[in-house]
Amino acid sequence: TLTLYKDELVLVVSSSHRYAKRGAVSIGDLEGESLIVFDRESSYYSLILSLFRDLGIVPHQQMYMDSIEATKKMVEQNLGIALLPA
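Model, not experiment: these values are computed from the prediction. (Residues numbered from 1 in each chain as written. Predicted model: local features only at pLDDT ≥ 70, side-chain atom pairs only at ≥ 80, totals over all residues. Heavy atoms only, no water.)

**Topic: the nonpolar core**
Logical step 1: By size, the foremost hydrophobic cluster in this structure holds 11 residues: Y19, L30, L35, V37, Y45, I48, L49, F52, I57, I81 and L83.
Logical step 2: Among the elements of the structure, β2 (34-38) and α1 (43-54) are those that each provide at least two residues to this core.
Logical step 3: In terms of residue count, α1 provides more of this core than any other element does, 4 residues in total.
Logical step 4: Setting aside its immediate chain neighbours within four residues, Y45 contacts V37, F38, D39, R40, Q61 and Y64.
Logical step 5: Residues I36, M65, A70 and A82 belong to the second largest nonpolar core, which totals 9 residues. (Core = buried A, V, L, I, M, F, W, Y, C linked by side-chain atoms within 4.5 Å. Buried < 20%, exposed > 50% of the residue type's maximum accessible area, 1.4 Å probe, protein only. Helix = DSSP H or I, 4+ residues; strand = E, 2+ residues; numbered from the N terminus. Contact = heavy atoms within 4.5 Å.)

Structural data, given as structure tokens:
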């Protein structure tokens, strides 16, 4: 395997979410949270689900959006959390 680039995912929550004031959150803390994911055809979708699966966590997938912007809007409305590219 040859690494071509590295990409970061960041946790995105609404300003009223209990994690909004935290500096860091572990993946384990996300168990049971309503997860909003975007573009099931993208590599990010597979990466996010693999990350949870490797840690033995089953995310509660609340919504599937077709764009990052739509995902952000749903998070702003406090309808769930998202892991998005930095």
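**A short note on a nonpolar patch on the surface**
Logical step 1: Judged by side-chain polarity, L2, L4 and Y5 come together as a nonpolar surface patch covering roughly 440 Å² of accessible area.
Logical step 2: Mapped onto the secondary structure, L2 falls in the segment before β1 (9-12). (Patch = residues over 30% accessible without salt bridge, like charges linked within 9 Å, V, L, I, M, F, W, Y side chains within 5 Å. Areas by Shrake-Rupley, 256 points an atom, 1.4 Å probe, with all protein chains shown as cover. Salt bridge = Lys/Arg side-chain N within 4 Å of Asp/Glu carboxyl O.)

**Focus on the pattern of salt bridges**
Logical step 1: Tallied over the entire structure, the rule returns 4 salt bridges.
Logical step 2: Note that K72 and E69 form a salt bridge whose closest N and O atoms lie 3.3 Å from each other. Placement of the pair is K72 and E69 together in helix α2 (residues 68-76), with a separation of 3 residues, close to one helical turn.
Logical step 3: With relative accessibility at 35%, the residue K72 sits in the partly exposed group.
Logical step 4: Note that K73 is salt-bridged to E76, the shortest N-O span being 3.9 Å. Of this pair, K73 and E76 both sit in helix α2, 3 residues apart, which is roughly one turn of the helix.

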